[in-house]
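Results of the structural survey
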Protein chains: 2
Amino acid sequence: MANTADKSPNAVATTRADLVFTDLRQRIVEGLVVMGSKISEPELARHYDISRSTLRDALSRLEGCGLLERKANVGYRVVTLSTEKLLEIFRVRESLEGMACNLAAKNMTAEQIAELKSLLTQHEQNESLQQGEAYYQKEGDLDFHFKIVFGSGNGLLIRLLCEELYYLVRMYRYQFGMASPRAKKAFREHHNIIQAIEDKDGELAEILMRRHISASRLNVEKRMNTL
Amino acid sequence: MANTADKSPNAVATTRADLVFTDLRQRIVEGLVVMGSKISEPELARHYDISRSTLRDALSRLEGCGLLERKANVGYRVVTLSTEKLLEIFRVRESLEGMACNLAAKNMTAEQIAELKSLLTQHEQNESLQQGEAYYQKEGDLDFHFKIVFGSGNGLLIRLLCEELYYLVRMYRYQFGMASPRAKKAFREHHNIIQAIEDKDGELAEILMRRHISASRLNVEKRMNTL
DNA sequence: TATTAAATAATTGTCGACAATTTATTATGG
DNA sequence: CCATAATAAATTGTCGACAATTATTTAATA
């Protein structure tokens, strides 16, 4: 229950590079490895007490996740987040999760839907006091989206969203602090999405999800313009 | 004009691993490295006359593109394409390229649109004789989609589609032979999409692109059911 | 002093070797 | 003969060292 996102089969890391990959990913997401900073391979290798080869294995995988960037003969840097990039992510999520929702309406089992419902009400109660911020910070929101993407049954969608984009999203929330005034609204929107899925109305579910994400994007755009 | 897809800045490969990465990618796409086959690191390293470390660097990047799969302590395999996976790709393209089209309608310059138009009429004339198949095989179709995605101006979209998915799409076309009866229709659909983009009607452009891709998917689904 | 050039230091790219694990082969027993 | 266990071979994971490139510092010149 701790971390919402382990790759299904790969939950247990078997190799040293796996360990470092997972640990470093978390540290980047949380900002312990400062964003935009250069990765010193010798230093990091010492820190983990592994060889550079092993470290590089982990680093190249992090690059695949979009958390690191690499330039030949220069090295790796932690990705630099910007408002522009955040907006790009929103657009991609809008289209991808919209599709996921559409497919979820067709493919989710009754059990899965029930799980989703219980997850939402559980979140609603546990955190109705600690307004808003906690919901986003503690990643309850992403749990919800995660389950829907999974429910789509589309392996490629799952890979793109759950194994790549969502880590970037977490990174933003940790470091930019997504304290949004949308918490209450978000709950209601989640409810409506579930309803559409339950009704097997894929088209509506897609529209609702797109609006749901689009609203977050507009929120950021608005805040950006006032700065 | 040879290859439609080099990463903009990285056109020239500077390092040995880059070279191997690019070459191996092409060989996998074309099926010269048989799909589903296991990668023998010692053998491939000998083939390219490089060390395993350098090869592994290339392999891990190929994994990031979704062309290779890796299992700890077992090694890399070329991805195995299936009709199911192809349908998954279509769904993702439908949503992603739909969004790209929407954004392209907002962001493409007059010049870019003119280029797109000339590309299409050029393709139309050059290959109107060599019916259908050539258009898909020679990747004229992907060129068109490529330019639109680029026109969206969304870096993430560009990365996901042009640097990952499109290589898988090419792989399918090379190895499954996408001889479709849709060539004529496809041209008309492309024209309509351009028109919508020119009219700055993002919403319509998105719908048209989604239908365009969806039609290809339905085509595959139909053929699958008759087998 | 500011700018450029040379020399030095540090980092990445590449290599070959060994250890750990998996796969293939052979041996053993029912 | 088949199934299982032990052994051998091959493959991947990991390591440390050297070469090539980049970054930094020092020296030289205007």
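Definitions and limits used
Residues numbered from 1 in each chain as written. Chains lettered and ligands numbered in written order. Predicted model: local features only at pLDDT ≥ 70, side-chain atom pairs only at ≥ 80, totals over all residues. Heavy atoms only, no water. Contact = heavy atoms within 4.5 Å. Buried area = accessible area lost by both parts, 1.4 Å probe. Salt bridge = Lys/Arg side-chain N within 4 Å of Asp/Glu carboxyl O. Near = heavy atom within 4 Å. Polar contact = N/O pair within 3.5 Å; in protein donor to acceptor, adjacent residues only side chain to side chain. Helix = DSSP H or I, 4+ residues; strand = E, 2+ residues; numbered from the N terminus. Nonpolar A, V, L, I, M, F, W, Y, C, P; charged D, E, K, R; others polar. Least-squares fit on C-alpha atoms with pLDDT ≥ 70 in both. Core = buried A, V, L, I, M, F, W, Y, C linked by side-chain atoms within 4.5 Å. Buried < 20%, exposed > 50% of the residue type's maximum accessible area, 1.4 Å probe, protein only. Expected span 1.5 Å × (residues − 1). Phe/Tyr/Trp six-rings, centres within 6.5 Å; stacked < 30°, edge-to-face > 60°. Lys NZ or Arg CZ within 6 Å of the ring centre and 35° of its normal. Domains from an automatic or database assignment.

In the nomenclature of an unreviewed UniProt entry, chain A corresponds to GntR family transcriptional regulator from the organism Paraglaciecola hydrolytica.

What follows covers the interface of chain A and chain B. Listed as interface residues are 32 residues of chain A and, on the opposing side, 32 residues of chain B. Here chain A and chain B share an interface that buries about 2400 Å² over both sides, 53% of which is from carbon and sulfur atoms. If you sort the residues of chain A by the area they bury against chain B, R91(A), M99(A) and L156(A) come out on top, with a joint share of 21%. Counting across the interface, chain A meets chain B through six salt bridges.

In this section: the protein's contact with DNA strand D. The immediate surroundings of DNA strand D are formed by 20 residues, with T15(A), R16(A), S51(A), K38(B) and R56(B) found nearest. Looking at DNA strand D alone, sugar and phosphate atoms form 70% of those within 4 Å of the protein. The separation between a phosphate oxygen of DNA strand D and a polar main-chain atom of R16(A) is 2.6 Å. At 2.6 Å from a phosphate oxygen of DNA strand D is found a side-chain nitrogen or oxygen belonging to R56(B). Mapped onto the surface near DNA strand D, the elements with two or more residues apiece are α1 (16-30) and α3 (52-64) of chain A together with α2 (41-48) and α3 (52-64) of chain B. Residue composition of the surface near DNA strand D, by class: seven nonpolar, seven polar and six charged.

Let us look at the relation of the copies chain A and chain B. Relative to chain B, chain A is turned by 180° and slid 0.0 Å along the rotation axis, the superposed coordinates differing by an RMSD of 0.0 Å. When the rotation and shift are considered jointly, the pair of chain copies conforms to a two-fold rotation axis. A shared binding surface is used by both copies, with 100% of the interface residues of chain A retained as interface residues in chain B.

Quick look at the nonpolar core now. Residues I28(A), I148(A), I197(A), I28(B), I148(B) and I197(B) are the most contacted members of the largest nonpolar core, which totals 130 residues. Setting aside residues up to four positions removed in sequence, I197(A) forms contacts with C101(A), A104(A), A105(A), M108(A), I113(A), I148(A) and A205(A).

Our focus in this paragraph is helix α7 (residues 140-152) of chain A. Residue and element names in this part refer to chain A. Compared with an ideal rise of 1.5 Å per residue, which puts 13 residues at 18 Å, α7 spans 19 Å between its outermost C-alpha atoms and is within 8% of the ideal. For α7, a buried count of ten out of 13 residues is recorded, marking the element as mostly surrounded by other parts of the structure. Of the residues making up α7, those classed as buried are G140, D141, L142, F144, H145, F146, I148, V149, G151 and S152. Two residues or fewer past α7, G153 is found with a positive phi of approximately 75°.

This part takes up the protein's contact with DNA strand C. Close contacts around DNA strand C come from 20 residues, with K38(A), R56(A), T15(B), R16(B) and S51(B) the closest. In DNA strand C, atoms within 4 Å of the protein come from the sugar-phosphate backbone in 69% of cases. A distance of 2.9 Å is found between a base nitrogen of DNA strand C and a side-chain nitrogen or oxygen belonging to R52(A). Taking S53(B), its side chain carries an N or O atom lying 3.1 Å from a base nitrogen of DNA strand C.

Looking now at the pattern of salt bridges. Following the criterion strictly, the structure yields 26 salt bridges over all chains and no others. Connected through salt bridges with shared partners, the residues E94(A), R210(A), R217(A), E221(A) and E206(B) form a single ionic network.

What follows concerns the packing of aromatic side chains. For the structure on display, the rule yields six aromatic pairs over all chains. Consider the rings of Y172(B) and F176(B), whose centres lie 5.2 Å apart with planes at 65°: the pair is edge-to-face. Taken together, the positions of Y172(B) and F176(B), both in helix α8 (residues 155-177) and four residues apart, correspond to about one turn of that helix. Pairwise contacts between aromatic rings join F146(A), F150(A) and Y166(A) into one cluster. A cation sits over an aromatic face here: R170(A) above Y167(A), 5.1 Å from the ring centre.

With that settled, consider the domain arrangement of chain A. All names here are of chain A. As assigned here, chain A comprises domain 1 (5-78) and domain 2 (83-225). Contact residues are listed per partner, giving 16 residues for domain 1 and twelve residues for domain 2. Between domain 1 and domain 2, a total of about 1200 Å² is buried, with carbon and sulfur atoms accounting for 63% of that surface. Counting every contact that joins domain 1 to domain 2 gives three residue pairs in polar contact (both at pLDDT 80 or more). Take the side of domain 1 that touches domain 2: its biggest share by element is five residues, from α1. A class-by-class count of the residues in the side of domain 1 that touches domain 2 yields seven nonpolar, five polar and four charged.

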